[in-house]
Each structure stands twice: as C-alpha cells, then as structure tokens.
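Fold and contact review
For reference, the chains in residue letters:
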Amino acid sequence: MSKVQENILTRRTIFRFNDKVVSNDCIETAIEAARHAPCHKNTHPWKFYILGTESRQKLIPIVENLAKIKAASADNQRLDSLLDRARNKILKPPVLIAITSLINKEDSFREQEDYAATVCALHNMVLSFWDQGIGTQWSTGSITRDKETYSALSIPMESERIIGFIKAGFPENIPNKEKKPIDEVRFYLP
C-alpha cells in the first residue's frame, strides 16, 4: 500500500490531544497542502485563520452564551459542566483554525462549488497534519453561524462563511472506527 493510501485509510478524528506543541512549520506545511486543493475556476475561495490566545479569549463569551442557550433546552445537565466543556473546546486544542469559504450572492451554484473546493482544501490540510503525526477534529457547531464569532475574529460575514474550526494536536489516543462495507457505498452502473 502506498504512503498516500495508508494516510487516507488510517486518518481518524481525534478528540483528545496531548500537550506537545505543534510547530508553526507543521501548520505551514498543512496550509501549503490545503492551498493546492482542486478548485473550480481557480477561485481559491478558502481562508485559514490560525487563532492565538487573544483570539480564543474573544470567543469565550460567545461559547458561554451558546452553552447557556443549550442548557436551557437540555434536561438534567448542569450549566457549569456545559460552560467548562464549551470553554475547553476553544482553549484546550493546541491549534485552532477557523476556515472560511467565499460567499457569492450573485451565483449560488458558484458558491456551492466554492464550498466544495474549500472542503477539499480543508481535507488536504487534515491529511497533511495526519502525515505529520498530528490529529484533527473538524467542528461545525453553532459558533460557526453566530454573528458575534465573525465580529470577534474580524471575519467579514458579508463575504465569507465560516465552514468550521479545525482543532489540531498530537493525539492522546487514536480511536478505531468501523467504516461501511464497500458494497454499501460503491455501485457499478451498466
């Protein structure tokens, strides 16, 4: 099996990271892989915002508010626990990257193609990180749709859409996931 195929087949979503620092060189290598993703009409609709301590701190009131909203509709969950969990999603990952895709109000099909290209770029980045021994998790929660998030990160909501956050770091452990059998997803048509 080729190294590329092995990288694709072994990649897993990582939920817990150890404290080992991810170097800027590792991040730049992953971003370089991302920018070489296939792209319709060469629009290169993606942007990657690597969040430092100050940017993460700006997100804390937002995630706390979202956790309070969630707690109001959740049964038997303590608010303190939800708040801690929400804060940790922002503060704990060694690397946190917001990924955006261009908005095209005049051409919804172009916007859809740009979104698809941005997801390809995101996946190139994830695979590059994995190749370097760094795990990731793609998160698309309500924080990606909250206008306060855009304001806190100075992302122009009228021209960019946050498609998710990538959490990255060296894995504490690697989960074993079963995939659907190939016969359930692959069909040869006459």
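This report concerns the structure included in the present document. (Residues numbered from 1 in each chain as written. Predicted model: local features only at pLDDT ≥ 70, side-chain atom pairs only at ≥ 80, totals over all residues. Heavy atoms only, no water.)

**So, the nonpolar core**
In this structure, Phe48, Ile97, Ile99, Met125, Phe129 and Ile166 are the most contacted members of the largest nonpolar core, which totals 24 residues. Elements represented by at least two residues in this core include exactly α2 (24–34), β1 (46–50), β2 (95–102), α5 (108–131) and β4 (160–169). Among the elements that make up this core, the one with the highest residue count is α5 (6 residues). In this structure isoleucine 99 touches Lys47, Phe48, Thr118, Leu122, Met125, Arg161, Ile162, Ile163, Gly164 and Ile166, once residues within four positions along its chain are discounted. The next biggest cluster of nonpolar side chains, apart from the first, holds 21 residues, and it includes Val63, Leu82, Ala98 and Ile162. (Core = buried A, V, L, I, M, F, W, Y, C linked by side-chain atoms within 4.5 Å. Buried < 20%, exposed > 50% of the residue type's maximum accessible area, 1.4 Å probe, protein only. Helix = DSSP H or I, 4+ residues; strand = E, 2+ residues; numbered from the N terminus. Contact = heavy atoms within 4.5 Å.)

**A look at the pattern of salt bridges**
For the structure shown, the criterion picks out 7 salt bridges. One salt bridge connects lysine 3 with aspartate 131, and the closest N-O pair in it is separated by 3.2 Å. Pair noted here: lysine 3 is in helix α1 (residues 3–10) and aspartate 131 is in helix α5, with a separation of 128 residues, a long-range link. A residue is classified by how much of its surface remains accessible, and aspartate 131, at 42% relative accessible area, is partly exposed. (Salt bridge = Lys/Arg side-chain N within 4 Å of Asp/Glu carboxyl O.)

**Structural notes on a nonpolar patch on the surface**
Taken together, the side chains of Met1, Val4, Ile8 and Leu9 present a nonpolar region at the surface, about 440 Å² in accessible area. Relative to the helices and strands, isoleucine 8 is located in helix α1. (Patch = residues over 30% accessible without salt bridge, like charges linked within 9 Å, V, L, I, M, F, W, Y side chains within 5 Å. Areas by Shrake-Rupley, 256 points an atom, 1.4 Å probe, with all protein chains shown as cover.)

**Describing the side chain of arginine 11**
Structurally, the position occupied by arginine 11 is in the loop between α1 and α2. For the buried arginine 11, no salt bridge is present, and the opposite-charge side chain at shortest range is aspartate 131, 12 Å distant. Not counting the four nearest positions on each side in its chain, arginine 11 is found in contact with His123, Val126, Leu127 and Trp130. (Lys, Arg positive; Asp, Glu negative; His and termini not counted.)

**Brief notes about α2**
All of the buried residues along α2 are Cys26, Ile27, Ala30, Ile31 and Ala34. Around the axis of α2, the buried residues are gathered within 135 degrees of arc, so they sit on the same side. When the buried face of α2 is taken as reference, the exposed residues oriented beyond 90 degrees from it are Asp25 and Glu28. Tucked inside the fold, the buried residues of α2 contact β1, β2 and α5. (Arc of directions from axis to C-beta.)

**What to know about the sheet that holds β1**
Adjacent strands of a sheet form backbone hydrogen bonds with each other and so pair up, either parallel or antiparallel. In spatial order, the strands read β1-β2-β4-β3; together these 4 strands make up an open sheet with antiparallel pairing. If you trace the sheet from one side to the other, it starts and ends with β1 and β3 (135–139), each paired once. Taking each pair of neighbouring strands and ignoring which way they run, the sheet shows an average axis angle of 25 degrees. Examined bridge by bridge, β1 and β2 share 5 bridges and lie antiparallel to one another. Its bridge partner lying in β2, phenylalanine 48 is registered against isoleucine 99. Its contacts with the sheet place α5 against β1, β2, β3 and β4, and it is angled at close to 155 degrees to β2. (Pairing = 2+ DSSP bridges. Axes fitted to C-alpha atoms, helices over the stretch in contact; angles between N-to-C directions.)

**A short note on the pairing of β2**
With 7 of 8 residues buried, β2 lies mostly within the body of the structure. For β2 and β4, the ladder comprises 8 bridges, and the chain directions are antiparallel. By the bridge assignment, serine 101 is partnered in β4 with arginine 161.

**A few points about unusual backbone geometry**
Even without being a glycine, asparagine 42 presents a positive backbone phi close to 50 degrees. Backbone geometry at histidine 44 places phi at a positive 45 degrees, although glycine is not the residue there. Here histidine 44 shows up in the loop between α2 and β1. The partly exposed category is assigned to histidine 44, whose relative accessible area is 41%.

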